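Survey of secondary and tertiary structure
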Amino acid sequence: MTTAADKSESPPLVHSHVSVETPEQIQFTFELAGTSVRMVAYLIDFVIRFFGTLVIGILIFSLTGFASPEFGYGLVMVVMFAAEWGYYTLFEWLLKGATPGKRMMGLRVVRTDGVPVDVVRSVLRNLLRAADIFPMAYGTGILVMFFTGTSRRLGDLAADTMVIREEPVRLRELPKLPHEAIELPQGLLREVRFRERDLQLVDGFFRRYHLFSPDRAQELAEILAGPILERLGRKKGDAIGVLAGILLAENELRTSWYGRMSAISRPPPPVGNAR
Amino acid sequence: MRKREFVSERLERWNRLDRLIAQLESRRLKTVPTHMLDEFVQLYRIACSDLARARSEEMGDDVEGYLNMIVARGHKQFHPPRPPSSRVFRRFFNQRFPQAVRDIRYYVLAAALCFFLPICFAAVAVTLQPSLAYRIAPPEQLDMLTEAYAKGHHGGRGEGMDTLMMGYYINNNIGIAFRCFATGIFFGLGSIYFLLINGVLGGAIGAFICSAGYTQSFLSFVVGHGAFELTAIVLSGATGLRLGFLLVNPGPYRRLDALKIHASPMITVVLGAAAMLFIAALIEGFWSPSGAEPLIKFIIGGALWVLVIAYFCLVGRQPTAGDQTGHREGRRG
């Protein structure tokens, strides 16, 4: 029997993030890789396996000579076997949880506790491809990925692994500001400590700005900027400009950090932006 | 502004940690100097607490996201998986594999029944009425095999052909064994299906060849690798049944937790079975078709059966110190 309370606690149908708690009692989050991006990674791996087998096959034949083609065929079948059953585990071991296809798509296999896969788990999740592939084209695997909601196929469930997106953190650029920003007095900036939550609200406002009708945008801006407008003694018509000013002033500070935060982790460089 | 002070005070350290992690990611642990590791550990712990603080003070996506990424990457370096060593490899065959097989002996029995009973039924049926075989196995395959056995194995068949068949057996048989295991996740049904189908096919084809009058040629071919091949198929089927039954009756655990606990011994058996099939493919490719006297083939084949059975009954009986951990947990539940 399900009650309303049960329902409210049930997780959303598709998670895109999972959190992991470390022994240091810190939680951090991973972004789960969805079905489509994993399919692309699979296709890349498939192509690599195909051409890899082809190239090795040609090499074998040119080395053994075509005199005894059966000998060559025998070795090629061993290579085919390795490409089908050994490829994934080999690379997940060598590349610490990534295959070439996964690496290209920025994916990685990790244990559900956030640690890279070990060999046993990698073997298990890749053996179970035989079950996920059933009856064809990973039908079972894809269904299971949908129903578990955490994008894990049978192999992942059995091996207690998950595939995550390992994109470097994206530090967002300043949104496009539609109005001339009004420069705020330095004293005010020092006096009023904008809470991060409010700044994000303003940021979100400008990101969605093009979706609002002009009247609605003005209306919302007045609500957001109300207290500041009063303090500055500005007209309500300046609301949008003041909000833009807040964001710009904040951004000057951030650009200076972002440049350094991005030093190693290569997020897209923040653009000074766009007035 | 707290955020401003916080970030400008810590940013240097975060950057340093970021660079250290990048170095750890690209190097082997043994080549990393100790002082770097010490620094990494220290900075990682600081970053952890910084992340907690950034969260609790709601410092925003940028700082939290950046710290989250550093901590996640650092965590992976902090808890790296153990690399496999040669000791592990030796212990696998000395202890773990036969022990793991004994641990699931009832499943092995069940799988053996699922495999050998259909062989017997199909063999009896086809012996009584040979034409039945054409309804079970593909006719071309039957004719081709009968022809091959009619020729006998006098003088062998040449190295090239031997290698070809070995490659085929590796690709085909180990693939079947892996599928037989993996499809066990459908509550054991897939494993039962593969065992039955392969049993019926094998029994029908064998009996058909025998009833055509090539009994000695056929049996002397099969007996050599049979000990490894048939046992390995049964073992992978047994592991599939274990996997399936674990999902039907996970004992005191949640289903996924039960899988987690039992995964390692199951993999042990499947990989062991794959190794056996590899040996079987070598025998089947190079020894079984050789021109040796049938009597010698029967003696060696029989010896291999005794060897395989003795291996699973006797090897690794006395667990040495330090063996109690690891896969033995799998016995509970």
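Higher on the page you've got the structure.
Throughout, residues of each chain are indexed from 1 in the direction in which the sequence is written. Written order determines the labels here, with chains lettered from A and ligands numbered from 1. A pLDDT threshold of at least 70 governs which residues receive local features in this predicted model, and a stricter bar of 80 or more applies before side-chain atom pairs are shown or counted, although totals over entire chains, interfaces and linings include all residues. The side-chain values count all of the structure's non-hydrogen atoms but skip hydrogen atoms and water molecules.

Some points on the overall build of chain A
- In terms of helices and strands, chain A carries 13 helices and 4 strands.
- Burial analysis of chain A (275 residues in total) assigns 45% to the buried set.
- Long-range pairs, those at least 24 residues apart, make up 63% of the contacts in chain A with a sequence separation of at least 6.
- Each accessible area is a Shrake-Rupley result for a 1.4 Å probe, and residues are judged covered by the shown protein chains and nothing else. Carbon and sulfur atoms make up 61% of the accessible area of chain A, which totals about 14,900 Å². Labels follow the DSSP assignment, with helices taken as runs of H or I lasting at least four residues and strands as runs of E lasting at least two, numbered in each case from the N terminus. Between buried and exposed lies partly exposed: a residue is buried under 20% and exposed over 50% of the maximum accessible area for its type, with that area taken using a 1.4 Å probe on protein chains only. Residue contacts are counted whenever heavy atoms from the two residues lie within 4.5 Å of one another.

With respect to the packing of aromatic side chains
- Working definition: a ring pair exists when centres of Phe, Tyr or Trp rings (six-membered ring for Trp) sit within 6.5 Å. Plane angles under 30 degrees give stacked, over 60 give edge-to-face, the rest tilted. This model, assessed by the stated rule, comprises 25 aromatic pairs over all chains.
- By definition here, charges over rings are those cases where NZ of Lys or CZ of Arg is within 6 Å of the ring centre and within 35 degrees of the ring normal. If you follow Arg129 of chain A out to its NZ or CZ, it ends over the ring of Tyr88 of chain A, 3.6 Å from the centre.

Side note on a nonpolar patch on the surface
Residues and elements named next belong to chain A.
- Together, Leu43, Phe46, Val47, Phe50, Phe51, Leu54 and Ile58 line one region of the surface with nonpolar side chains, adding up to about 690 Å² of accessible area.
- For Leu54, the location among the structural elements is in helix H2 (residues 35-64).
- On the accessibility criterion, Leu54 (44% relative accessible area) is partly exposed. Within the patch definition used here, like charges are joined within 9 Å and nonpolar side chains (Val, Leu, Ile, Met, Phe, Trp, Tyr) within 5 Å, considering only residues with over 30% relative accessible area and no salt bridge. Put simply, a salt bridge is a Lys or Arg side-chain nitrogen that is within 4 Å of an Asp or Glu carboxyl oxygen.

A few points about the nonpolar core
- Nine residue types can take part in a nonpolar core, namely buried Ala, Val, Leu, Ile, Met, Phe, Trp, Tyr and Cys, and a core is a set of them joined through side-chain atoms within 4.5 Å. Counting residues in hydrophobic clusters, the biggest one holds 79 residues, and the most contacted among them are Leu124, Leu127 and Leu128 of chain A together with Phe97, Phe178, Leu235 and Met276 of chain B.
- For this core, the leading source of residues is helix H9 (residues 189-248) of chain B, giving 20 residues.
- Ignoring sequence-local partners within four residues, the contact set of Leu128 of chain A consists of Arg153, Leu154, Gly155 and Ala158 of chain A together with Ala182, Ile185 and Leu243 of chain B.
- Ile26 of chain A together with Phe6, Leu17 and Met36 of chain B belong to the second largest nonpolar core, which has 34 residues in total.

Some thoughts on the sheet that holds strand S3 (residues 107-111) of chain A
- In this analysis, strands are considered paired if DSSP registers two or more bridges between them. Strand order across the open sheet formed by 4 strands is S1-S2-S4-S3 (chain A), with antiparallel pairing between neighbours. Every other strand in the sheet has two partners, leaving strand S1 (17-21) and S3 of chain A as the edge strands with one partner each. Averaged over all adjacent pairs, the angle separating strand axes in this sheet is 50°, with direction ignored.
- Sheet topology note: the strand S2 (residues 27-32) of chain A/strand S4 (residues 161-165) of chain A ladder contains 2 bridges and is antiparallel. The partner of Glu31 of chain A across the bridge, within S4 of chain A, is Arg165 of chain A.
- Under this scheme, a helix contributes an axis fitted over its contacting stretch, all axes are lines through C-alpha atoms, and angles between N-to-C directions fall in the 0 to 180 degree range. In this fold helix H3 (residues 61-78) of chain B packs onto S2, S3 and S4 of chain A, with an angle of close to 90° to the strand it touches most, S2 of chain A.

Some words on the interface of chain B and chain A
- With 68 residues of chain B at the interface, the matching set in chain A holds 63 residues.
- Across the contact surface, chain B and chain A share 2 salt bridges.
- A salt bridge links Glu84 of chain A to Arg179 of chain B; its shortest N-O distance comes to 3.0 Å.
- Each polar contact in these results corresponds to two N or O atoms within 3.5 Å; when the atoms are within protein, one needs to be able to donate a hydrogen and the other to accept it, and residues that are neighboring in sequence are counted only if both atoms are side-chain atoms. Applying the counting rule to chain B against chain A returns 3 residue pairs in polar contact (both at pLDDT 80 or more).
- Elements supplying a minimum of two residues to the side of chain B that touches chain A: helix H1 (2-26), helix H2 (34-56), H3, helix H8 (159-182) and helix H10 (255-287) of chain B.
- With 15 residues, the single largest contributor to the side of chain B that touches chain A is H8 of chain B.
- Residues of the side of chain B that touches chain A, tallied by class, amount to 37 nonpolar, 14 polar and 17 charged. Charged means Asp, Glu, Lys or Arg here, nonpolar means Ala, Val, Leu, Ile, Met, Phe, Trp, Tyr, Cys or Pro, and polar covers whatever is left, Gly included.

A closer look at the packing of helix H7 (residues 139-151) of chain B against H9 of chain B
All names here are of chain B.
- The contact between H7 and H9 brings their axes to 9 Å, and the two run at 40°. Classified by the angle their axes make, H7 and H9 are oblique. In this structure, H7 meets H9 at a crossing whose hand is left-handed. Across from Gln141, Leu142, Leu145, Thr146, Tyr149 and Ala150 in H7, the residues of H9 making contact are Ile205, Phe208, Ile209, Ala212, Tyr214, Ser217, Phe218 and Phe221. The scheme is simple: roughly parallel for angles under 35 degrees, roughly antiparallel for over 145, roughly perpendicular for 65 to 115, oblique for anything else. Whether a crossing is left-handed or right-handed is set by the direction in which the near helix is turned from the far one by less than a right angle, anticlockwise for left-handed and clockwise for right-handed.

Nothing here speaks to function; it is geometry throughout.
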